[in-house]
Structure formats: C-alpha cells, structure tokens
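Observations on chain architecture
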Amino acid sequence: MTAGSRNVVAVLGPTNTGKTHLAIERMLAHASGVIGLPLRLLAREVYSRVAARVGADQVALITGEEKIVPLSPRFRVCTVEALPSATDASFVAIDEIQLAGDLERGHVFTDRLLNLRGRDETLLLGAATVRGIVEKLLPGVNVVTRPRMSLLTYSGPRKITRLPRRSAVVAFSTAEVYAIAELIRRQRGGAAVVLGSLSPRTRNAQVELFQSGDVDFLVATDAIGMGLNLDVDHVAFASDRKFDGYQFRRLSAAELGQVAGRAGRHLRDGTFGVTSRIEPFDDALVEALETHRFDAVKTIQWRNRDLDFASLADLKASLDSAPARDGLTKAPPTDDVTALDAATRDSAVTELADRRERVSLLWDICQVPDYRKIAPANHAELVTALFAFVARDGVIPDDWLDRQVAYADRTDGDIDTLANRIAHVRTWTFVANQTHWLRDASGWQERTRAVEDRLSDALHERLTARFVDRRTSVLMRRLKENSMLEAEITATGDVLVEGQHVGTLDGFRFAADPNADGPEARALKAAAQKALAGEIAGRAAKVAAAANPDLVLTADATLRWQGAAIARLAEADDPLKPRLILLAGEALPASHREQVQRRIDLWLANHVESLLKPLFDLRSAESLTPAARGIAFRLAENFGTVDRAEIAEEVRSLDQDARAGMRALGVRFGAYHIFVPALLKPTPSALIAGLWALKHGGADMPGLSDLIRLAASGRTSVPLDATIAPALYRLVGYRMAGNRAVRIDILERLSDLIRPLIAWRQTPAASPPPDGAIDGYGFTATVAMTSLLGCSGDDFASVLRSLGYHMVRRPAPKRQGPTPSEPPGTAISLAAPADPNPPAETTLIPDGPQSAPSSEADAALDAVPAGSQAGEPDVPAEPQFIEVWQPVRRDRGQPARSRRRASITGAPAATASAAPAQPKADASANGAARNHPDGAERQRRRKAKDGPRRPASQTDQFRFSTRPSHERRDKPVDPDSPFAALAALKAELEGRKTD
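Residues numbered from 1 in each chain as written. Predicted model: local features only at pLDDT ≥ 70, side-chain atom pairs only at ≥ 80, totals over all residues. Heavy atoms only, no water.

1. Brief notes about the overall build of the protein
Keep this limit in mind: The way it works is that DSSP assigns letters per residue, a run of H or I at least four long becomes a helix, a run of E at least two long becomes a strand, and they are numbered from the N terminus. Only protein chains enter the accessibility calculation, which uses a 1.4 Å probe; a residue whose area is less than 20% of its type maximum is buried, one above 50% is exposed, and one in between is partly exposed. Between two residues, a contact is recorded if the distance between any of their heavy atoms is within 4.5 Å. Methods summary: accessible areas were calculated by the Shrake-Rupley approach with a probe of 1.4 Å, and residue burial reflects only the protein chains presented.
Across its full length, the protein holds 35 helices and 35 strands. The buried share among the 995 residues of the protein stands at 49%. Taking the contacts inside the protein whose residues are at least 6 apart along the sequence as the reference set, 69% of them involve residues at least 24 apart. For the protein, the accessible area works out to roughly 46900 Å², and carbon and sulfur atoms hold 51% of it.

Take a look at the structure:
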C-alpha cells in the first residue's frame, strides 16, 4: 500500500525554520529532482530561484495551469497535484505535508506522501503536528526537527490604525479584506491585498508591492500561511472564524499558528496579536502559538488511487473504497467526485462512456478545477460539454473555445468583475494545458495565458488604485531609503517629487495636496521639505537681491515676487508706516529669513514714501503758518482729502501767502474739498485704501478690491453700493453724492462749470450768455455737465441736490427772435414730462439734499387748475418749460422762515432780513407780498392772469419748518383731504376780499 521508507527523511518544525530552503539545496545536490509545493505561487517562486542557480534550460515548471518544460530538464518544480504518480528522479521533496489532513486537498498530499519516492533521497517537509502519523504510516522514517530561527511573541490587541509598519492583517472573507484595506489606505497610505481567489500573477504583483516597500501593510486571508516568504514583522488577526466549505467554524490553534508564524523572518523576531474586531486570545492559546505546540494530527485524508475504469459503476465503486490502515480516513467527496456524479446522471454521458478509454477520459475531465465557484451544477455542465466534444469529435472545437475565451477577454469593469473573468479564463488555461484535448494546444496555451495575464494586470491595477495611495507609498519608500529626492516645480507652482504631485509652492510656503490627510499629509510634508530645502533657500537669496520693480504690492495687501506671495501687509501704530509679515514656513532657514525681511522692509518704506510723498511733505512742512500746519495735519490724517465745510473757519483764516505755501505742497482748495489731486490717482489711492482697511477690517473688506478696480478704470462716477463702507469711497477718491459716487476732482470741475452760470445774471446784459445760463437766478443742466459725470436723468438730479441745489420749473422764453437773455442751447430735462397747462408763476421744488424727487412736484403742479391769459393768439402753441437749478440759500444769521419767505417773494436775503417784523396776520405768503413794495399791484396782476393762488395746504413750498432742511421729510399732498378743501376755500375768500 505504501512505498518503502528507505532514504525517507521527514524535516518537521514550525514556520521560519528554513525547510524549503533546505529542500532546494538538497535537490540541487542531486543529478535530478522533483519538488512538490502546495501553491502555484510558491512553485513559481521556487522555480525562479532554481532557474537562477542552474539555468532556465535545466528546470521545468509544471502546474495545472502552466507548463514550462525545456527539452531535457534536470529538475522539475510542481504543485502537489501536478506531481507524477511515479518518478525515476534521484531526489523527491514534498512540502507542507500537514495538509494531508485537509478535507479538500488532503487525499492528494496523502497519496504523494505514501507512494512517491526519489531514487536516492525523499524529503518530507511539514509541521511537527504530523510527526506521529508519519512515523505510524512510514515505519523507519528518519524524523528531523528544526527549531524556529526567531522568536514569536504575542503583543495583544491593537486598533488597525495603530498597527506597526510591516504588518499583515488577516481576515477570512473578501468583504472583510476589502473593508480593512480601505481603512488602511485612508489612514496609513495603502495596503496590498492577497486573496486565495486571485490569480497567481495578481497575487505575485500584490506581494511584490508589499515586499518592495511601496506599502507597509498587507491584508490577506489565510492564503499567506502556506509557504509564502514575506517580510512581515507583525501578524494581526481581524477574525478567527472562517467558512471551510461546509460550515463557519473557529480556526484551530495549529491553523492560527501557521498564519501567525509568517511574522519574523530568518533571525528577526516577530509578533502577533488581534485587532479590536475580535476578543483577545486566551492564555492557553497564546502559549501554544508562542511555543508552537499544537494538537497532533491523528488521521489524514485518503482516497483510493487504484481506480477501475471498466465502467462508470466500477469507477464509482473504486472511488468509494475505504482505507485499510489505521490513521487513514476516507476523504469526503471533492469537486471532481461531485462533477462525476452529476455527469453520470446525464444519459448522453452514459452512452458515450461505454468503454474503458471513455470512462478514463471522463474522469480526467472531471479533474478540471472549479475556479468559477458558481455552483456544482454549472461546473458539471462544463464537464459534460467538454467530455461530449472530446469523446465524440476527438478534440474541443476551436470556434466553441474561442467564444468562451473571448467572453472573458475584456479588461473593463471593477475588481469583482475582473476576478470573475480571471476565474473563467483560468479554466480555459487548464484545459489548454491538456494537449490531447485540442488540435493546437500550444496556440491555445499562449492565448489563454495572454488573456489571463492581461486580466491579472488589470486586476492588480484596480486593487492598487483602490487600496494604495501610490504617491504616498513611493514617497515613503524613498524617504526610508534616505536618498536624494528629485523635485520639480512647474510654472504654476505645482510640486512634483519623484514624479508624484505633492502640493504647491507659493513663494516660500509649501501647501500639501488638500486631498491628503492624516499620515499621508505628514508623509507629503516630509518629502516636500526634504526635496524643496534647496529651492526655498535659492528663492530667498533671489528675493534678498531683487530690484524694486520685481516686488509688487497687490490690492489684497500681499507682497508678491514673480507672482508668488511672500509677505502680507500688517497695520502699525502709524498708518503711513505699515509693516510686512513674511509668509514662510519652517523650510526657510533663519539666516535667509532675516535677509528677506530686511529687503522687503526697505522696499515697503521706499514704496509708501514714493507714492504718498505729498502726505509726508504735509507732515514735515515746518515753513507753513500755524493755521496752515493745522490744515496740513488734518489732510495727512485723512489721507489727503478733507471736506471744506469741516474746516471752513480754518480756511477763511488763511492769508494768500499761507494758501500759496499749501498749493506748493500740492494742495488744492476746491468748492467742496481741500484735497491733494496727486493722491487721487489709481496707484496712490489703492495704497491709501489698503492702509485704511488694515485698521478697519482687513484687506478682505467687502468692496475694497472692486472700488480699487473702479478707481483704476477712470470712471468719473459709479452707482452707490450699499454693501461698501462709505469711508472707502472717499479713500479711493470718490464722494457719495445722491445715488452715485463721484470722483472728487470731477465734482470740483462741475462746480467750476456751475459757478459762472450762477454769477452770469450780474454781468451786463449785452454779453452773450454761456451755455446753461438763464435770465435770472439759477442755471440749466447741460450736456457738458452730464458728460462730465457720466450720468443723466434722476441720477444727475440726485447729485445736484446733494450739492445743495434745488430745481425750479418755469416756462421757457418765447422764441420770437434771438434776444440777449435767451439761452442759445437746449436745456436737458431731468424730471418727468411737463404738465401741458402749467402755472405761470415760478414753482420751487423743496430744497436740500433730502428733497423729494421732481416727479412729486410735478404731481402737485398737475393738481393746480390752469388759467388763460388774455390777448393770447387763437392758434394753440405747445407750452415749453425749462428746469432751472438754484442754490439753496443758507445765509448766516437769517431765520429759516425769513429766508424762505424772501426766496418766495424774490426779495434779496439782505432786504428780507432788514425788513421790520410783520404782524402775525401777515405771516402768510399773501401778507408778505402785500408788505413788499408794489406787492399789492403785482398780486392784482397775477390774479387777473392766473386766477387765485393755489391754497398753501396744496403746495409744498409753503410748508415751513424750524427743522434744518436735511431733517425735513416732504409728505405728498392729498387733494381730496378736507383740510385741503378748507384751505382752498380760505384762499378763494381772501382773493375776493383783495379784489
């Protein structure tokens, strides 16, 4: 039943005892040899090592899915399933023989352990737990035990995010592995993933990712426990239960020890523990794992190797045979037996399997592994189809196989999709290696291998992209190597270290990629500081030697060098002497920092003194008189602009010499402001606004940058924005006037246009009137005025009202011929369309900056009945009106009521003020008119022409108030009010009495 035990050596011991290394050395010492390994992945690793020693032409690799067989190989590296039943090789080694107790694969290991022998030497490698069963089944075997080369120590529970580097986290389901790997990627930069369902090429790539140091963590199932030589320092169990194909069960101590033993390599000690997902191991389990003492294997799985292919019934009966020796137990049905049972229930299969060769062929096809793991019935259908093709046609049809391979030959999709395709194509890779099933087996081997490789590479990329931050892993590896990092800075400031984007460099400050957080951010910062140290020092040297034009102070109070922000403006006790705060991180050395700070401080002082030189001159003007120095101080304190009304008394006290001295310093005395025109230019005004903002909310004050851009654009006036601080308008050279903000110098030019028009009525009548002048007191708006301000209509009217003008509506002079008093130009209407029947007398709109809009006055005028004038021609002519603007009279010492009365009657202010006090009954407008010289006669002629005067209650011009004009609020007149009716009746009675 078994081969002899002569020259059989069992080398037993825990992991990290060098058993596999010993087997390779012993095999190479013989003329020929065969070694069987538990995993295709490990077989590939051993093949590479042997080929590197003796040459690829001397060694063959044989697995179920891959065959590399030179003409006459001396050595063969196989998976245990691919080992031959007998061999004449001088040396035979079988690794991990404790797997003979595995329910799924154990019978294969048992068969090779009992029956496969080398001609000169046979080496059995495995855990010490099988010593008893090996000695029982192989009497006379030479057992050699090897101790572990390093210590394995329990370190207790730890959170996954607190695990040490070079750790492997073990779980027992795909979902758990993916979830843990995702957590590690977010917190620690990334992890390699090893699953039993991955293709060998993908597993190799993931293991290499960990072995190369690109990542410091490995998340895997217990697949890593079988022969994988990993550079792991710590193994952490995230689970201790698995599904073994039949049930969920707790792992045995021996199974846990096999996985935990991956920690530590050669002479380096290792540790193991658990994560917070499971309960800590008890003391008995910890002791067993640390001392590698586990329960001995009592029995191993066995299946009859002498099968009878006379018929399907005989084959099943031989498979159902029981072992005859103690220590062996019949293996449960495996995938091949299950597939055979399902196939034999198909009548077509039973008809074809009518002789020994066909029965043997059916059993061979049942050996096709079920990589897809969809369902036993699906795998049975595949077996039935393959058997039908080969039994009936001799080979599998190329077109059918082409469709099956093409179905999987796509690299799109997610991780699960690619894994399923790999499982499908691995089936066809196995089929392609059965040379007698295909016409062109070598061609199909190349094709299926290429498809599997492409899918495996794509799956590796998907796993890496999902669970590894390649940037962080590359940088961490280079940092650990302590090598010089290659850094590149693009024109936009992006920093590339070793080809990986790590952040941006703005001036002397490095900003890590905002998508990085936690340890990743620290890694990026460390890599950037190491790579950019020389670049930042070089920049500091260039700034320290930079010329003045190379440095620019922008509207956001930032000092920039070559577009990069290097310092930020900060307030100081003296508004005209701000300071600069250097924007630099720890990467800028202290010596370079001091050099840069000295240079930018010198630049700022020169910059401010150059742009704001008039302010510094006003501060230091020692030659001015005391009164002029006081005004100069006010100007410097207010950044070059003061309302004239605020210092009117001081200005009046200046003599001509003092004024000349201030003009020499650039000061202009305007009608509304005392200001320095040079400071209204965009560059100085922008600096002034920035300095003021430092003390009143910072450079990010709302509207500051917008106003600076408006000032630089050269616009003479702009609409008011309620969200912008009023003081900001003044600082950039604008004054709030009505609905708009008007440039200060433009307001003064407007004053220069209006002043001669007001004074024109005092010039000889023989001189031609200027455009906008009228015969009387006031002026009309002209195109020159509106063009100067860049606005018209209500906006322009609001500006004039804010300057202290009110609008008067009067009939236009009849155009019977040119007269000296007739304005040559056409007046611009700033109010609503005129009433077709207006009153002939002059009507005043309420004055002052807060006057009601002209449309309200028009509504009041519309309520007055129109009269007719005797002697008018019968041909109707459309009335024409002009809008006359008059300054609001604000004579000092005259009561507001007297000034208003004088304005109504047309008497000069001085006359009205000097007139004796009138009786209370003469307080009305009529009484004032009667007491004026020729007043009674003028009133009689007016009534004859226009009828009785509109009652005082219906017109705003007779609403007197002791409040200042800026506090009055005009109310609309209700013509239907009973008070208005009574006032009208009273006025009518008074008119009859006068007549």
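Here the narrative resumes.
2. Structural notes on the sheet that holds strand S10 (residues 167–170)
In a beta sheet, neighbouring strands pair by backbone hydrogen bonds and run either parallel or antiparallel. Stated formally: For two strands to count as paired, DSSP must find a minimum of two bridges between them. Here an angle of 0 to 180 degrees is reported between the N-to-C directions of two axes, which are lines fitted to C-alpha atoms, with helices fitted over the stretch in contact.
On the basis of which strands lie adjacent, the open sheet formed by six strands has the order S9-S16-S13-S10-S12-S11 and parallel pairing. Two strands in the sheet have a free side with no partner beyond their single neighbour: strand S9 (152–158) and strand S11 (192–194). Each strand axis lies, on average, 20° off the axis of its neighbour in the sheet, ignoring direction. As defined by bridge partners, S11 adjoins strand S12 (residues 217–220) across three bridges and the pair is classed as parallel. Each bridged residue has a counterpart across the sheet, and for Val193 the counterpart in S12 is Val219. Lying over the sheet, helix H5 (residues 174–188) contacts S10, S11 and S12, oriented at roughly 165° with respect to S12. On top of the sheet, helix H6 (residues 200–211) reaches S10, S11 and S12; it is set at about 140° to S11, its chief contact.

3. Examining helix H8 (residues 283–291)
Given 3.6 residues to a turn, an α-helix orients residues that are three or four positions apart in the same direction. What counts, and what does not: To be clear, the arc concerns the directions from the helix axis to the C-beta atoms.
Within H8, burial applies to Leu285, Val286, Ala288 and Leu289. The arc that holds the buried residues of H8, viewed along the axis, is 165°, so those residues lie on one side. What points out from H8, more than 90 degrees from its buried face, is the exposed set Asp283, Ala284 and Glu287. Among the structural elements, S9, helix H7 (253–260) and strand S16 (270–275) are those in contact with the buried residues of H8. Two residues or fewer after H8 comes His292, characterised by a positive phi angle close to 60°.

4. Some words on the pattern of salt bridges
Selection criterion: Whenever Lys or Arg places a side-chain nitrogen within 4 Å of a carboxyl oxygen from Asp or Glu, that contact is recorded as a salt bridge.
By the definition in use, this model includes 44 salt bridges. Asp231 is the partner of Arg268 in a salt bridge, and the nearest nitrogen-oxygen pair spans 2.2 Å. Residue Arg268 is located in the loop between H7 and S16, and its partner Asp231 is located in the loop between S12 and strand S13 (234–237); the two are separated by 37 residues in the primary sequence. The partly exposed category is assigned to Asp231, whose relative accessible area is 24%. Residues participating in the shared-partner salt-bridge network are Arg40, Arg44, Glu66, Arg449 and Glu452.

5. Looking at the packing of aromatic side chains
Rule in force here: Centres within 6.5 Å make a pair out of two Phe, Tyr or Trp rings, where for Trp the six-membered ring is used; the pair is then stacked when the planes are under 30 degrees apart, edge-to-face when over 60, and tilted otherwise. Put simply, a charge is over a ring when the Lys NZ or the Arg CZ is close to the ring centre, within 6 Å, and near the line of the ring normal, within 35 degrees.
All chains considered together, the criterion is met by eight aromatic pairs. Ring geometry for Tyr154 against Phe272: centres 5.3 Å apart, planes inclined by 45°, an arrangement best described as tilted. Here the residue Tyr154 occupies a position in strand S9, and Phe272 occupies one in strand S16, the gap between them amounting to 118 residues. Like Phe272, Tyr154 is buried. Positioned above the aromatic ring of Phe210 is the side chain of Arg166, whose terminal nitrogen or guanidinium carbon lies 3.9 Å from the ring centre. Positioned over the ring face of Phe669 is Arg659, at 5.2 Å from the centre of the ring.

6. Comments concerning the confidence of the model for the protein
The following threshold applies: How sure the predictor is of each residue is captured by pLDDT, a score from 0 to 100.
Averaged over every residue, the pLDDT of the protein is 79; residues scoring 70 or more account for 77%. Averaged pLDDT values over the elements of the protein bottom out at 31 in strand S34 (residues 843–844) and peak at 96 in strand S6 (residues 91–94). Taken together, the stretch residues 816–827 has pLDDT below 50 and engages in 15 contacts with residues farther than four places along the chain or on a different chain. This stretch, residues 950–973, has a pLDDT under 50; its non-local contacts, to residues over four places away or in other chains, come to 47 contacts.

7. Details of the pairing of strand S31 (residues 734–737)
Summarising the sheet, S31 and strand S32 (residues 740–743) pair through four bridges and their orientation is antiparallel. Residue pairing for S32: Tyr734 is matched across the bridge by Arg743. A loop of two residues connects S31 with S32, the two strands running antiparallel in sequence, and Gly738 in this loop sits at a positive phi of about 65°.

8. Re the pairing of S16
The element S16 is largely enclosed, with a buried count of five among its six residues. Where S13 lies against S16, four bridges are found, and the strand directions are parallel. Each bridged residue has a counterpart across the sheet, and for Val235 the counterpart in S16 is Phe272.

9. A closer look at the packing of helix H1 (residues 19–28) against helix H2 (residues 40–54)
Going by this rule: With the far helix as reference, a near helix turned anticlockwise by less than a right angle produces a left-handed crossing, and one turned clockwise produces a right-handed crossing. Residues are grouped as follows: nonpolar covers Ala, Val, Leu, Ile, Met, Phe, Trp, Tyr, Cys and Pro; charged covers Asp, Glu, Lys and Arg; every other residue, Gly included, is treated as polar.
Where H1 meets H2, the closest approach of the two axes is 11 Å, and the angle between their N-to-C directions is 40°. Crossing handedness for the pair H1 and H2: right-handed. Of the residues in H2, those touching H1 at Thr20, His21, Ile24, Glu25, Met27 and Leu28 are Val46, Arg49, Val50, Arg53 and Val54. Taken together, the residues of the contact of H1 with H2 sort by class into six nonpolar, two polar and three charged.

10. Points about the nonpolar core
In a soluble, globular protein the nonpolar side chains are often hidden away together inside. The condition that has to hold: Buried Ala, Val, Leu, Ile, Met, Phe, Trp, Tyr and Cys residues form a nonpolar core when they are joined through side-chain atoms within 4.5 Å.
If you look at the biggest cluster of nonpolar residues, it comprises 70 residues, and the most contacted ones within it are Phe508, Leu559, Ile566, Ile600, Leu612 and Met662. Per-element tally for this core: the top contributor is helix H24 (residues 682–695), with seven residues. Every residue in contact with Leu612, bar those within four places of it in the chain, is listed here: Leu576, Leu679, Pro684, Leu687, Ile688 and Leu691. With 67 residues, the next largest nonpolar core counts Val337, Leu340, Val390 and Val405 among its residues.

11. Section: the sheet that holds strand S29 (residues 673–675)
If you trace the three strands from one edge of the open sheet to the other, you get S27-S29-S28, paired in antiparallel fashion. Edge strands, defined here as strands with exactly one partner in the open sheet, are strand S27 (641–643) and strand S28 (668–669). Relative to S29, S27 runs antiparallel, the two being bridged by three bridges. Of the residues in S29, the one forming a bridge with Asp643 is His673.

12. Considerations on unusual backbone geometry
Generally, phi is negative for residues other than glycine and the peptide bonds are trans, each holding for most cases. At His292, a residue that is not glycine, the phi angle is positive and equals roughly 60°. Summarising the element assignment, His292 is placed in the loop between H8 and strand S17 (300–302). By relative accessible area, His292 is classed as partly exposed at 22%. The phi torsion at Phe639 lies on the positive side, around 55°, for a residue other than glycine. Looking at Phe639, the relative accessible area reads 11%, which means it is buried.

13. Side note on helix H21 (residues 626–637)
Filter applied, for reference: Multiply 1.5 Å by the residue count of a helix minus one, and that product is the helix's expected span.
With twelve residues, H21 should reach 16 Å at 1.5 Å per residue; the first-to-last C-alpha distance of 16 Å fits that figure. Buried residues of H21: Ala628, Ile631, Ala632, Leu635 and Ala636, and no others. Here the buried residues of H21 occupy an arc of 140° about the axis, which is enough to place them on one side. Facing away from the buried side of H21, by more than 90 degrees, are the exposed residues Pro626, Phe633 and Glu637. The secondary structure elements touched by the buried residues of H21 are helix H20 (613–619), S27, helix H22 (648–652), helix H23 (656–664) and S29. Two residues or fewer past H21, Phe639 is found with a positive phi of approximately 55°.

14. Quick word on the packing of helix H12 (residues 356–366) against helix H13 (residues 376–393)
Heads up, the rule is: Our angle categories are set so that under 35 degrees counts as roughly parallel, over 145 as roughly antiparallel, 65 to 115 as roughly perpendicular, and the remainder as oblique.
Between H12 and H13, the least distance of the axes is 10 Å, while the angle of their chain directions is 140°. Relative to H13, H12 is oriented oblique. Relative to H13, H12 is oriented so that their crossing is right-handed. Only Val383, Leu386, Phe387, Val390 and Ala391 of H13 make contact with H12, whose side of the interface consists of Arg358, Leu361, Leu362, Ile365 and Cys366. When its residues are assigned to classes, the contact of H12 with H13 shows nine nonpolar, no polar and one charged.

15. Notes on the side chain of Thr344
Rules: The term polar contact refers here to a pair of N or O atoms within 3.5 Å; inside protein, the definition further demands a hydrogen-donor-capable atom paired with an acceptor-capable atom, and it admits residues adjacent in sequence only when both atoms are side-chain atoms.
When you line up the elements, Thr344 lands in helix H10 (residues 335–344). Owing to a relative accessible area of 12%, Thr344 belongs among the buried residues under this scheme. A polar side-chain atom of Thr344 sits 2.8 Å from a polar atom in the side chain of Lys316. If near-sequence neighbours (up to four positions away) are discounted, Thr344 is found in contact with Leu312, Lys316, Thr350 and Leu362.

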